[in-house]
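Listed below, chain by chain, are the residues.
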Amino acid sequence: MDPSSDYHFLNQILWRRVKLTLVCGVFEGVLQHVDPNRIVVLKKVKNVETGRSVPGVKMFFGHEIVNVELLDEVEQGAVRESASSVSLNTERTRVDKMKNEDLHVCEPPSPAPEAPITSLLNDLKYSPSEEEEVTYTVIDQFQQKFGAAMLHIKKQSVLSVAAEGANVCRHGKLCWLQVATNSRVYLFDIFLLGSRAFNNGLQMVLEDKRILKVIHDCRWLSDCLSHQYGILLNNIFDTQVADVLQFSMETGGFLPNCVSTLQESLIRHLKVAPKYLSFLEERQQLIHDNPEVWFTRPLSPSLLKILALEATYLLPLRLVLLDEMMSDLTTLVDGYLNAYREGSADQLGGMEPSCMELPGELLQFKDSQKQRRERAVKEYSMNAKGLLLRTELRPKESVTETAGKEGKETRVSPSDNFHPFRKAVLSTLPPCPALEKIPE
């Protein structure tokens, strides 16, 4: 087929799952964007040869693509014949030239992960026979461990922060503050340490504009720290806000009717199967049964583990959300890269380098936004406020305490069946000291 036919056909199957056969590998994913210059963008990508999933989006150039196969089961019978015959004309003479260039698009399979994100992500593994494990350090006194923990934390550029207590806000009580880096997780017992914990270093970190803090729904903790301890959180990446922004980008500007819980965000973006997030359900049930559970001393290892896992997952969640939110920029920039070099030299002679008219490569974004809005209207119901109703993730009884506080219902995601990032084991550095029980 000629390039224009390929382009029009692929535009008809946008947001369908396809398999791309390349000169150097085979990939599956959801077709997100097709450029007239024969650039194809997939999301939820899987390398068929290695079985590994690729976070975010991945871009493929037409000269690398040998065949495109539609995998959607709903309409596969009707279009299998035409889909299996779709082939973007491979330019063999240029392939040899491009193979040696660092395109960061098509890489030969190797045992190493295709898109390593951080040392933390590299340590997340999946094994159905093993339980979730995490190494953590409980800081319940100022001698020995507190100083060492603060020295390590102050050296970081990115941290994740979580908190637990009774009605954490200006009217409640903060019991635990969890801080995770790429290699360690610290559980600060604020109930025992009191405000001295903030005066001796934590306030400086929380207010430091140079250290990015990753939090899921920072509103409650921000209110608590400000009114009870005089701390103004600074430089925050809120994963709940990022989830809404990513949804708006994916739907062409629509907003969802509700925000996502941490559990839902991990399912949607990190593709963690719900059964591996049982610690969050256990947390909700414990709070429902006993709102003052976090005051218990010594806290059981199972509850300490819940505290540690809450903070651990936030760092990889931020990276995947960033990747998804940057996908449009990546697509537009790559269109810019190919705007002239893929065309004829003749057209460059009469062009003025100083021309500031919006280029066609950027005007395509308008069409992409329109297509996303049309698809969103078909896929989602809309309420009276013009907000899209998110589909339910998984039916279960809602917990009154948590639902009331977070202002949302428990929902189920279509991504229940994805393989999870499994075990948050921080093994790049020597293990942190084991839990020390609080003297009775």
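The rules behind each value
- Per-chain numbering applies: the sequence of each chain, read as written, is numbered from 1 onward.
- Where totals are concerned, whole chains, interfaces and linings use all residues; where local detail is concerned, this predicted model gives features only for residues with pLDDT of at least 70, and gives and counts side-chain atom pairs only at 80 or more.
- Hydrogen atoms and water are omitted, and side-chain values are computed over all heavy atoms in the structure.
- Relative accessibility under 20% of the residue-type maximum defines a buried residue, over 50% an exposed one, and the middle range a partly exposed one, all with a 1.4 Å probe and only protein chains included.
- Put simply, DSSP marks the helices as runs of H or I at least four residues long and the strands as runs of E at least two long, and each gets a number from the N terminus on.
- Here the rule is simple: two strands pair whenever DSSP picks up at least two bridges between them.
- Fitted lines through C-alpha atoms serve as axes, helices being fitted only where they are in contact, and the angles separating the N-to-C directions of these axes extend from 0 to 180 degrees.
- Residue contacts are counted whenever heavy atoms from the two residues lie within 4.5 Å of one another.
- Working definition of a nonpolar core: buried Ala, Val, Leu, Ile, Met, Phe, Trp, Tyr and Cys residues. They are joined through side-chain atoms within 4.5 Å.
- Whenever a nitrogen or oxygen atom comes within 3.5 Å of another N or O atom, the pair is scored as a polar contact, on the condition that within protein one atom can donate a hydrogen and the other can accept it, and that pairs from neighbouring residues in sequence are kept only if both atoms are in side chains.

> Please set out the pairing of strand β2 (residues 25–34) residue by residue, giving values where relevant.
For β2, the tally of buried residues reaches 10 of 10 residues, placing the bulk of the element in the interior. Note that strand β1 (residues 17–22) and β2 share six bridges and pair antiparallel. By the bridge assignment for β2, V18 is matched with G29. Linking β1 back to β2 in an antiparallel pair, the connection comprises two residues. With six bridges joining them, β2 and strand β3 (residues 39–47) adopt antiparallel strand pairing. When the sheet's bridge partners are listed, V30 is paired in β3 with K43.

> Help me get a handle on the pairing of strand β8 (residues 158–166), residues and values and all.
By the criterion of burial, β8 is predominantly enclosed, with seven of the nine residues buried. The sheet contact formed by β8 and strand β11 (residues 212–215) spans three bridges and is parallel. Bridging from a neighbouring strand, L159 pairs with K213 of β11. Strand direction decides the pairing type here: β8 and strand β9 (residues 173–180), joined by seven bridges, are antiparallel. Among the inter-strand pairings, V161 is bridged to a residue of β9, identified as V179. Connecting β8 to the next strand, β9, in antiparallel fashion are six residues, including N167 with a positive phi near 50 degrees.

> Explain the sheet that holds β11 to me, and be specific about the residues and the numbers.
Across the sheet, six strands lie side by side as β7-β10-β9-β8-β11-β12; this open sheet has mixed pairing. In the strand order of this sheet, the two ends are held by β7 (137–139) and β12 (236–238), each with one partner. Each adjacent strand pair in this sheet contributes to an overall mean axis angle of 25 degrees, direction not counted. Its contacts with the sheet put helix α7 (residues 196–207) on β8, β9, β10 (185–189) and β11, and the angle it makes with β9 is roughly 65 degrees.

> Outline the nonpolar core, supporting the account with residue identities and numerical values.
Core analysis: the largest hydrophobic core is formed by 42 residues, its most contacted members being W176, L187, L266 and W294. Elements represented by at least two residues in this core include exactly β9, β10, β11, α9 (239–250), α10 (262–269), α11 (278–289), α12 (301–312) and α13 (314–325). When residues of this core are assigned to their parent elements, the largest contribution, seven residues, is made by α12. Discounting chain neighbours no more than four positions away, the residues touching L266 are K271, V272, L277, L280, Y313 and L317. F146, V161, I190 and I215 belong to the second largest nonpolar core, which has 29 residues in total.

> Quick one: what's the story with the side chain of H216, residue by residue and with numbers?
Here H216 shows up in the loop between β11 and α8 (219–229). Overall, the relative accessible area of 15% leaves H216 in the buried class. Separated by 2.9 Å, the side chain of H216 and the backbone oxygen of S260 make a polar contact. What H216 contacts, discounting residues up to four positions off in sequence, is D238, T239, Q240, S260, T261, L262, S265 and L314.

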